[in-house]
Amino acid sequence: MEIIPEGKHFRLVQDNELPEILKYLERYLPEALKFHQTIKTYLNDGVWQFYFYVSKNWPEDPICLHFPGCTLTPKNNIYGSFGIFCPSERIECVDLLETEDILIDWREPMYLNFTHIAIMNRLDAFYGRKFGIMERLAGDIYISKGPIDEVELESLPSEEVEMRELTIDNVNTIHDLYPANEIECVEAFEKLVKTLPGFGIFTKGNGQLAAWMMHSYYGAMFSMQTRPEYRRKGYGIHLAQALTLRVKSRGYTPFVVIRPENDASRNLYTKLGFVRAFATVRVTLSPNKIQMKANGDVIADNDNIPYENENGHGAPNGNDNHHHNNDDDDAQQDEGIEDMRNETVDNVSVLSNDDRDEGIDEEDGRDD
């Protein structure tokens, strides 16, 4: 796909400019952490090909973008998902996106990864008014602050399991069971395992992978998952401690994204010295009234069809409150995973046959 060198308000950044941008973003930490570490992993590890843009008036207008925002995008369009950072003290710079019609086609469905809530609120102010529905999924950023190496845990039952680093042989298993595999490709997992740290709990005897956790291409610790038959054994906190130590030793700031209602995850990471930094939102942008699959394929254009959600309620026209929070009892409890599956909103259904949970399962959050 052709890479666009210049938008209406943004220009493509050359790789040799990125170290200076990385340094500049440090003044906005921790708000800039996710974007900052995406650049850092790109420069240090080259896990995935991203294209970074800054405003044409950078740094006076300190807003920056990267495309894509995940490794599988709607219709395989690089510009179908993106990451964004703008400091909350200059939040008005987000308004540049309203008329950015070269890099971004607001008429198409798009994904945005977990992004500071102030940015999403500013986006929603014009997107909901002019284009469509912004489906929201809330997540709080928790950052490692405490002396995690001083946290003493009960030993793993050495006669039953062992913890070791993930290898390329584990990739297909991890990706097959990964709930967001419709938007993260197996090739990305192969590169992650080869390049960034990840740990698994393996059973002795048959060597089955019981639980695992990885360092992501955007700097978070993500994809902690435990097979159902191995839950409530305390494997999660061992994985989190080991990966946090490894991520720190590589010069990164460990962080996770935790759903506000996920008490188990919050308790686990608080025990390890993580503290809440700020709120983020992950969204699907759905123009007009369309129904689409997670890969961006349009199923039906519902502009002229009265819509009813799964509870039988219609979506009123002209309502300025265009976002919908997915915080019911069945909402997913996850951290650090860009997962747009199985979410139904007023004017868009992201369809999947996968019902599995992801992130830290509540049963792994028990105290050891």
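(A) Quick peek at the pattern of salt bridges. Evaluated as defined, the whole model comprises 17 salt bridges. The salt bridge partner of Glu 162 is Arg 164, with a shortest N-O separation of 2.7 Å. Classification of Glu 162 as partly exposed rests on a relative accessible area of 34%. Looking at Arg 164, the relative accessible area reads 36%, which means it is partly exposed.

(B) A look at the environment of Ile 174. With respect to the helices, strands and loops of the structure, Ile 174 is situated in helix α4 (residues 171-177). Overall, Ile 174 belongs to the buried group, its relative accessible area being 0%. Non-local contacts of Ile 174, meaning those with residues more than four positions away in its chain, are made with Leu 166, Phe 189, Leu 209, Trp 212, Met 214 and Ser 223.

(C) A look at the confidence of the model for the chain. Across the chain, pLDDT averages 79, with 78% of residues at or above 70. Confidence over residues 290-295 falls short of pLDDT 50; this stretch has 34 contacts with residues more than four positions distant or in other chains. Residue range residues 300-368 is modelled with pLDDT below 50. Its contacts to residues more than four positions away, or to other chains, number 194 contacts.

(D) Inspection of the pairing of strand β9 (residues 209-215) at higher detail. Among the seven residues of β9, seven are classified as buried, and the element is accordingly described as predominantly covered. Strand direction decides the pairing type here: strand β8 (residues 198-203) and β9, joined by five bridges, are antiparallel. Along β9, the bridge assignment pairs Gly 198 with Met 214. Pairing of β9 with strand β10 (residues 221-226), which is carried by four bridges, proceeds in the antiparallel orientation.

(E) Fine view of the state of the cysteines. Under the definition given, this model contains zero disulfides. The closest cysteine sulfur to the non-disulfide-bonded Cys 70 is located on Cys 185, 9.5 Å from its own sulfur. Cys 70 sits in the buried class, given a relative accessible area of 1%.

Reading the values: rules and limits
Residues numbered from 1 in each chain as written. Predicted model: local features only at pLDDT ≥ 70, side-chain atom pairs only at ≥ 80, totals over all residues. Heavy atoms only, no water. Salt bridge = Lys/Arg side-chain N within 4 Å of Asp/Glu carboxyl O. Buried < 20%, exposed > 50% of the residue type's maximum accessible area, 1.4 Å probe, protein only. Helix = DSSP H or I, 4+ residues; strand = E, 2+ residues; numbered from the N terminus. Contact = heavy atoms within 4.5 Å. pLDDT = per-residue confidence, 0-100. Pairing = 2+ DSSP bridges. Disulfide = S-S within 2.5 Å.

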